[in-house]
Amino acid sequence: MDISYIINELGEDREQYFNAIAPPIIQTSNFAFRKMDDLRQAFADEYSTYLYSRGLNPTVEILRKKLAALDGAEDALVFNSGAAAIFAAVLANVQSGDHIVSVDKPYTWAQRMFNHILPRFKVTTTYIDGRDIEQFERAILPNTKVIYLESPNSWDYALQDLRAVAALAKAAGIVTICDNSYCTPLYQQPVLLGIDLVLQSATKYISGHSDVVAGVLSGSRERMAKIFNSEYLNTGSGIQPFNAWLLIRGLRTLPMRLSHISATTTKLVAFLKQCPEVAEVIFPFDPDFPQYELARQQMSGACGLLTIVLSTTSLNAIQRFCEGLRHISMAVSWGGHESLIVPKCAGMPAGQFNPANREHRMIRLYVGQEEPDYLISDLKQALDGMHG
Ligand SMILES: *Cc1c(COP(=O)(O)O)cnc(C)c1O
């Protein structure tokens, strides 16, 4: 299906709403029935009828159709956060006594779920280096039910060979779940490589304006119906109509936003690579990236997020750099209009900073919609000023 069609037309039945170009926000909690048989039918199969907005809602439905099509999936559900999408995807596929194989250092709240919540229900997790397919083979146990992937990871951009992992999992009857937040479906479609469930934080590029928290989960109609009827309805973690409307609005400009960010990111990578204050630039589409070949093969683009390792071993100098930026803000998240940094060392008590550990000198940079020269001059003056 054509991306332009998906983004501008798919799911939009304009004759239902005065031929308005922008869809209405159907801000209702419930839907009325004239016939008792119809109400009975809705109770029996809520996934086919508008009954109550914790389940289906017409504004959300437009968004679901577009997002499923972008992912190349039969169906999608939209949650109130990416974390809720992760929770539902994993919970729907494990029971007490089961085992999960996860890539090392998955997104924080996936990791917290594996480490703190699931063990209470006797579900255990083994972490592996997902860059090596043999590690998956070795970690799989008779009770392994889920393989959890994130490719690329959002700090060091480690990739997994999605096609190979999907084939391995299918042969063993294991469900694969992949966090695709870094790429969005525009730059990678894991479903087409054989992955069962694909999720992304729509808070990032889909929203694109730093004003919505949301998550998407896509997969086969059968898997999504199962999740809808249990985790989705039971946790009430579906997206609200107004936020769904904002995401439809965000989707309209997604392709052009991503191409602008890609072009700017390429320029920033080139600038940062020749800065003596920068020891390393980590970016999947940089030819020096260790998994560059795989990145080129399985992703059609990379943009926005990159990590630099500063040369300095002084925490004070790192702090001066971060606080010295005039336009690039220090904040979590990414995918919005504004460029951001997150220093790794802010995630630990200052006393634990170890200058010999390169990870502690990492700074993640998100490249937003500003012009490249504007960002380069901000980075340059902050790098110049970092030695006090
Ligand atoms: C932000 C993020 C999430 C979680 O999404 P929220 O919308 O913040 O709940 C999951 N995975 C990755 C890689 C993320 O960056």
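Relevant structure appears above.
Trainee: In this structure, what is going on with the packing of aromatic side chains? I would like to understand it.
Mentor: Where two aromatic rings form a pair, the distance of their centres and the angle of their planes describe that pair. With the rule as written, the count across this model stands at 10 aromatic pairs. Between Phe 228 and Tyr 232, the aromatic rings sit 5.5 Å apart at their centres with planes inclined by 25 degrees, giving stacked as the arrangement. One end of the pair is Phe 228 and the other is Tyr 232, both in helix H9 (residues 221–235) and 4 residues apart, which spans about a single turn. Ring centres 6.2 Å apart and planes at 15 degrees place the aromatic pair Phe 242 and Trp 245 in the stacked group. Of the two residues, Phe 242 and Trp 245 both sit in helix H10 (residues 241–252), 3 residues apart, roughly one turn of that helix. By relative accessible area, which is 42% here, Phe 242 ends up partly exposed. A relative accessible area of 21% places Trp 245 in the partly exposed class.

Trainee: Please explain the site of the ligand as it appears in this structure.
Mentor: Near the ligand there are 15 residues, and of these Gly 82, Ala 83, Asp 179, Thr 203 and Lys 204 occur at the shortest range. One of the backbone nitrogen or oxygen atoms of Ala 83 is found 2.8 Å away from an oxygen atom of the ligand. In this structure, an oxygen atom belonging to the ligand sits 2.9 Å away from a side-chain N or O atom of Ser 201. In the complex, 90% of the free accessible area of the ligand, which totals 380 Å², lies under the protein chains. Take the shell around the ligand: its biggest share by element is 3 residues, from helix H4 (residues 82–91). The residue makeup of the shell around the ligand, split by class, is 6 nonpolar, 6 polar and 3 charged.

Trainee: It is not clear to me how the sheet that holds strand S6 (residues 197–201) should be interpreted in this structure. Could you clarify?
Mentor: By way of backbone hydrogen bonds, the strands of a sheet pair with one another, either parallel or antiparallel. The mixed open sheet is built from 7 strands, whose spatial order is S1-S7-S6-S5-S4-S2-S3. The outermost strands of the open sheet, each flanked by one partner alone, are strand S1 (75–79) and strand S3 (124–128). Here the strands of the sheet are splayed against their neighbours by 20 degrees on average, with no regard to which way each runs. Where strand S2 (residues 99–103) meets strand S4 (residues 144–150), 4 bridges bridge the pair, whose relative direction is parallel. The residue bridging Ser 102 from the neighbouring strand is Tyr 148, located in S4. In this fold helix H3 (residues 58–71) packs onto S1, S6 and strand S7 (215–219), with an angle of close to 120 degrees to the strand it touches most, S1.

Calculation rules
Sequence order as written defines the numbering, with residues in each chain counted from 1. Restriction of local features to residues with pLDDT of at least 70 applies here, the model being predicted, together with a cutoff of 80 or more for giving and counting side-chain atom pairs; totals for whole chains, interfaces and linings are based on all residues. Water and hydrogen atoms play no part in the side-chain values, which are based on all heavy atoms of the structure. Stacked, tilted and edge-to-face are the three classes assigned to paired rings of Phe, Tyr and Trp, where Trp is represented by its six-membered ring and a pair needs centres within 6.5 Å; plane angles under 30 degrees give stacked, over 60 edge-to-face, the rest tilted. Helix numbering and strand numbering both begin at the N terminus, where a helix is a DSSP run of H or I of at least 4 residues and a strand a DSSP run of E of at least 2. We call a residue buried when its accessible area falls under 20% of the maximum for its residue type, exposed when it is over 50%, and partly exposed in between, using a 1.4 Å probe and counting protein chains only. One heavy atom within 4 Å of a molecule or strand is enough for the residue carrying it to be called near that molecule or strand. Within 3.5 Å is the distance limit for a polar contact, defined as a pair of N or O atoms, with the added protein rule that one can donate a hydrogen and the other accept it, and that residues adjacent in sequence qualify only through two side-chain atoms. Reported accessibility uses the Shrake-Rupley method at a 1.4 Å probe radius. Residues are deemed covered only where the shown protein chains occlude them. Only Asp, Glu, Lys and Arg are considered charged in this grouping, and only Ala, Val, Leu, Ile, Met, Phe, Trp, Tyr, Cys and Pro are considered nonpolar; every other residue, Gly among them, is considered polar. One bridge is not enough; two strands pair if DSSP finds at least two bridges between them. Between N-to-C directions, angles span 0 to 180 degrees; the directions come from axes that are lines fitted to C-alpha atoms, helices contributing only their stretch in contact. Should any heavy atoms of two residues lie within 4.5 Å, those residues are counted as being in contact.

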